[in-house]
Each structure stands twice: as structure tokens, then as C-alpha cells.
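Coordinate inspection notes
Listed below, chain by chain, are the residues.
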Amino acid sequence: MRAPNKLRISLAVTAAASLIAVTGCSANAPAGSSTGGGSDKLEITSWWTSGSEADALNVLIDGVKKSSPGLSVDNAAVSGGGGANARQALAARLQAGSPPDAWQVHPAGQLKSYVDGGQVADLTDLWTEGNWASQMPKDVAEAQQVDGKYYTVPIGVHRGNVLWTNPSVLSKANVKIDPAAGVDGLISSLKQVQASGTTPVCLGDKDIFASAQLLESLIMSRAGADNWTKLFTNEYSFDAPEVKQALADYKAILSLANKDHSAITWDEAAKKMADGDCAVNLMGDWAYGELLNAGKKPGQDFAWVSFPGKEDIFDYVGDGFSIPANNIPHAEAARTWVKTLMDPKIQTEFAAKKGSIPAVTSADISGLSAYQQEAAKSLASGAVVSSLAHAQAAGAEFAQTYADAVSTFNGSSNIDAFIASMTQAQKTQL
Ligand code: GAL
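1. Let's talk about the state of the cysteines
Taken as a whole, this structure holds one disulfide when the rule is applied. Note on cysteine connectivity: Cys 202 is disulfide-linked to Cys 278, with sulfurs 2.1 Å apart. An S-S torsion of about -125° defines the bridge between Cys 202 and Cys 278 as left-handed. Placement of Cys 202 in the loop between strand S8 (199-201) and helix H8 (209-223) and of Cys 278 in strand S9 (residues 278-283) is noted, with a sequence separation of 76 residues between them.

Encoded structure:
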């Protein structure tokens, strides 16, 4: 039976699901083992380069500089929403034995891939010293561990399945999107928007995570939170009728989207929606931060509903940072960086710009937006599941197979081929 408050994170990643690039590093060295020189420098990598992402990242950089006056921080972010480019660049550096001091990581599946590759340092001593686990929901804390040890530090909790809407476009088409009307209701509303003469859906999947996330939201809604989670323990099949239905829905929604979707980015698509070029945009709630950053007014230029479906599913996309197990250039500065992330004030300030909610419950969220208050409620009472589009529900290899299968499907619309790829991956990679 499903416990609604329980974060059901699948860690069905085997040793076979090692990361895209394995360094050949030895077992994890204790955090703090350094081969490099002074502690006056810190290099961090992430994929936070959009307006809101960069501003939010600067909150963290300013924070670490405050606790280490004189520290020079090299922000080596690599652009590309969802991080595929950044992770590729990181893999090359790990392979070459020249890692940054800290890098952005999703918890659970993606983290486990780095742990399996011997690439990230064990941070359990910091967790124990700071009593960090007691400062966040149990399940969020659990997602930061692998086999009982902590290898990452969370900075925020995003929700992946939010449908952002343009109130004027919907009212012109005389449409109200009711989440309780499910996916069928959504598709008929979108068709009504089309009949009113406006493109119903804005999509920006230049970086494939955007459509991978749209499809995952549909699968979650059709199959339910429990079955979604069971996909990663091999107790539910990609061949199930609900998944087939979700693929048919996905195909229908693609046909209602802007034709140039593969040429534009997630943030461009969100802004197009707020500009009235279409009625809806499915995107994680980093879109909230981005729309605010672009000067759009919540409730006027845009609104939101949780992705239509039978239950309130919270698709958890966690952000945090890990530090390398080997060849760390500035160990002390890296430890100061991860400690800075746990400062509740910094978590709140970061969330205000990013659209996420703080990972630590001691952070004051009373000044955050109405949207974020709703997200915090859903996190506490909804069915919380992990995202596959962001390599959290499963490891890096499985998530990559999914991204590739979505990409192929976008060209072929071949439901059977998609199911065959994912079924094969379930057998061999989980
Ligand atoms: C996610 C990440 C978010 C946001 C998004 C788009 O993977 O968790 O923080 O940055 O990518 O780039």
C-alpha cells in the first residue's frame, strides 16, 4: 500500500549501471584528501546558466565567500538545461583525473552512479557533525545516501510536473484546466485552445530532458505514483496499457505544440507561454524562478496547476552538490562550500530565485511565493516520486536510455519501439 507522505525513491540501480564515464578511481577517499595547494580557490560546476539559475547560484557563491573572505570562486557552469552537457564535460574531467572542487548532482539514482564509479567523497562526517539529517524530511535525507553513507548535500527540492498556463489565452478560448479532469480533460482543453486559433502547447526540447519530463508526467498521471515507482524495481512494465496510453497522449500533445520545439530551450518555451504564444507549458518549477526573473507576474502573465491526473503526485527533482573522491584541488574550500549549502537562510534566499523549496525544514518559507507554499504542501501530503528525466528514479545509464528513447520517439512516433527499448533496459540495466 502506498504511504502518501513517503518519498518512494527507487534505488534499483545495480553496479552495472555505472556512470557514463568511469574514472577507474580507487575506493572513495575520505572527504578532505587533497592533492592540491591552497584553500583560497574553489571551482564549482553546474548547469545553472539561465537568468534565474545564475542568480540563484550567485546566492550560494556570495554565501561561501562570506564564510571564507578572500576565497576566489570559479563558476565553471556549462550551459544546457537538465545538465546533459555539463555532465558530459564533468565525465571527461573525471576521466582525466582533473575534477572541479564540487559539482551539481541529483540525489538517489544519479548520485549512486557516481558512488558506484568511486567518484564522489563520503561526506558522512559532515552530516554527523552538523546533525543535518534531523534538519530535513527523512526521505529527502535518505535520498542523499547510498548504503547508509552520505555523499551529497541538498540545496533545494524542485517539483517536475507542473503545468504552467497563460490565463488570457485560456480565457480567450473559454477553457479552464481542471487537474481533476485528468489527461483526457487536458487534451480536450488543448484542442479547444487550438480551435480558438492559438498554439496550445509551448515546448522547448532543444535539451531532450524537457520532452522526457513531459512524457514522464503523462506516465505518472496515467499509471499512478505506485506503478511509476515500480517501473524501477521491475514490478511494473513499460508494456502496461497505461504506459501505452501515455505514449499516445504524448504523441497527441506533441502534435499540439509549437513546430520549432526542438530548436528552443526550456526557458524560451516558458517565456513564450507567458508572452501568450500558447496556452500551456509543462516544466519543473525552475520555470517559476525563470518567469519571475523575466519580469512576468504570477497570476497575471502566468498561472499553474499540478499536472492533471487522479492523484496529487509530486515529481521530486532534487539539487545538491558533491565533491570528488580523488584529486580534489581545494579540499577545505570544497567542504566550506557544502557546509554553506546547509545554511537555512541561504536555502531560503536561493529558493526565492530558483523556484524550488528549501531542503531543510528549518529554513523560513513564509516569505516565499504562493506557488512555493503550494509546492511545500504537496511535498508534505502528496504522493512523492522521483524523476527519471533527471536520473533520480534510476541511475545514469537507465536515464540515458530513456532520454534516447524519447528522442527517437519524437522522430518516429513508434510506440512499440519505445516500449521495446525500455523493456530491454529494465531487464539489463536495473
Ligand atoms: C534540473 C535541475 C534544475 C534546473 C533544470 C533546468 O536538472 O534540477 O535545478 O536547473 O535542470 O536546467
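2. Considering the packing of helix H7 (residues 182-195) against helix H10 (residues 241-255)
H10 packs onto H7 with a crossing angle of 20° between their chain directions and a minimal axis gap of 11 Å. As summarised for this structure, H7 and H10 are arranged roughly parallel, according to the angle between their axes. Where H7 crosses over H10, the two elements pack in a sense that is left-handed. Seen from H7, the contacting residues are Val 183, Leu 186, Ile 187 and Leu 190; seen from H10, they are Asp 249, Ala 252 and Ile 253. Split into classes, the residues belonging to the contact of H7 with H10 amount to six nonpolar, no polar and one charged.

3. Some words on the site of the ligand
Neighbouring residues of the ligand: 13 residues in total, closest Trp 48, Glu 53, Asp 319, Lys 354 and His 390. The separation between an oxygen atom of the ligand and a polar side-chain atom of Asp 319 is 2.6 Å. For the ligand, an oxygen atom lies 2.9 Å from a polar atom in the side chain of His 390. Look at the ligand: alone it shows 300 Å² of surface, and the protein chains cover 100% of it. Within the shell around the ligand, the residues separate by chemical class into five nonpolar, five polar and three charged. Here the shell around the ligand spans two domains, and each of domain 1 (41-158 + 318-368) and domain 2 (162-315 + 390-429) adds at least three residues to it.

4. Here's the deal with the packing of aromatic side chains
Enumeration over the complete set of coordinates arrives at 22 aromatic pairs. Taken together, a centroid distance of 5.7 Å and an interplanar angle of 35° make the contact between Tyr 250 and Phe 409 tilted. A residue pair is termed long-range when its members are at least 10 positions apart, and Tyr 250 in helix H10 and Phe 409 in helix H16 (residues 396-412) qualify at 159 residues. Connected via pairs of aromatic rings, a cluster forms that spans Trp 164, Tyr 288, Phe 302, Trp 304 and Tyr 371. A cation over a ring is seen here: Arg 87 above Trp 47, with NZ or CZ 5.1 Å from the ring centre.

5. Structural notes on the sheet that holds strand S10 (residues 303-306)
One open sheet holds the four strands; their spatial order is S8-S9-S7-S10, and the pairing between them is mixed. Edge positions in the sheet fall to S8 and S10, since each of these pairs with one other strand and no more. With strand direction ignored, the average angle separating the axes of adjacent strands in the sheet is 25°. Bridge analysis of strand S7 (residues 162-165) against S10 gives four bridges, and the strand direction is antiparallel. What sits directly across from Trp 164, in S10, is Trp 304.

6. Let's talk about the domain arrangement of the protein
Under the domain assignment, the protein is made up of domain 1 (41-158 + 318-368) and domain 2 (162-315 + 390-429). Once you take the C-alpha centre of each, domain 1 and domain 2 turn out to be 27 Å apart. In this assembly, 23 residues from domain 1 lie in contact with 19 residues from domain 2. Summed over both sides, the interface between domain 1 and domain 2 buries roughly 1500 Å², with carbon and sulfur atoms accounting for 51% of that surface. Applying the counting rule to domain 1 against domain 2 returns zero salt bridges. Joining domain 1 to domain 2, the criterion identifies ten residue pairs in polar contact (both at pLDDT 80 or more). For the side of domain 1 that touches domain 2, the elements supplying multiple residues, two or more each, are helix H1 (51-67), helix H3 (109-116), strand S6 (153-159) and helix H14 (344-354). Here the side of domain 1 that touches domain 2 gets four residues from one element, more than from any other, and that element is H1. Residues of the side of domain 1 that touches domain 2, tallied by class, amount to four nonpolar, 15 polar and four charged.

What counts, and at which threshold
Residues numbered from 1 in each chain as written. Predicted model: local features only at pLDDT ≥ 70, side-chain atom pairs only at ≥ 80, totals over all residues. Heavy atoms only, no water. Disulfide = S-S within 2.5 Å. Helix = DSSP H or I, 4+ residues; strand = E, 2+ residues; numbered from the N terminus. Axes fitted to C-alpha atoms, helices over the stretch in contact; angles between N-to-C directions. Parallel < 35°, antiparallel > 145°, perpendicular 65-115°, else oblique. Left-handed = near helix turned anticlockwise from the far one by under 90°. Contact = heavy atoms within 4.5 Å. Nonpolar A, V, L, I, M, F, W, Y, C, P; charged D, E, K, R; others polar. Near = heavy atom within 4 Å. Polar contact = N/O pair within 3.5 Å; in protein donor to acceptor, adjacent residues only side chain to side chain. Areas by Shrake-Rupley, 256 points an atom, 1.4 Å probe, with all protein chains shown as cover. Domains from an automatic or database assignment. Phe/Tyr/Trp six-rings, centres within 6.5 Å; stacked < 30°, edge-to-face > 60°. Lys NZ or Arg CZ within 6 Å of the ring centre and 35° of its normal. Pairing = 2+ DSSP bridges. Buried area = accessible area lost by both parts, 1.4 Å probe. Salt bridge = Lys/Arg side-chain N within 4 Å of Asp/Glu carboxyl O.

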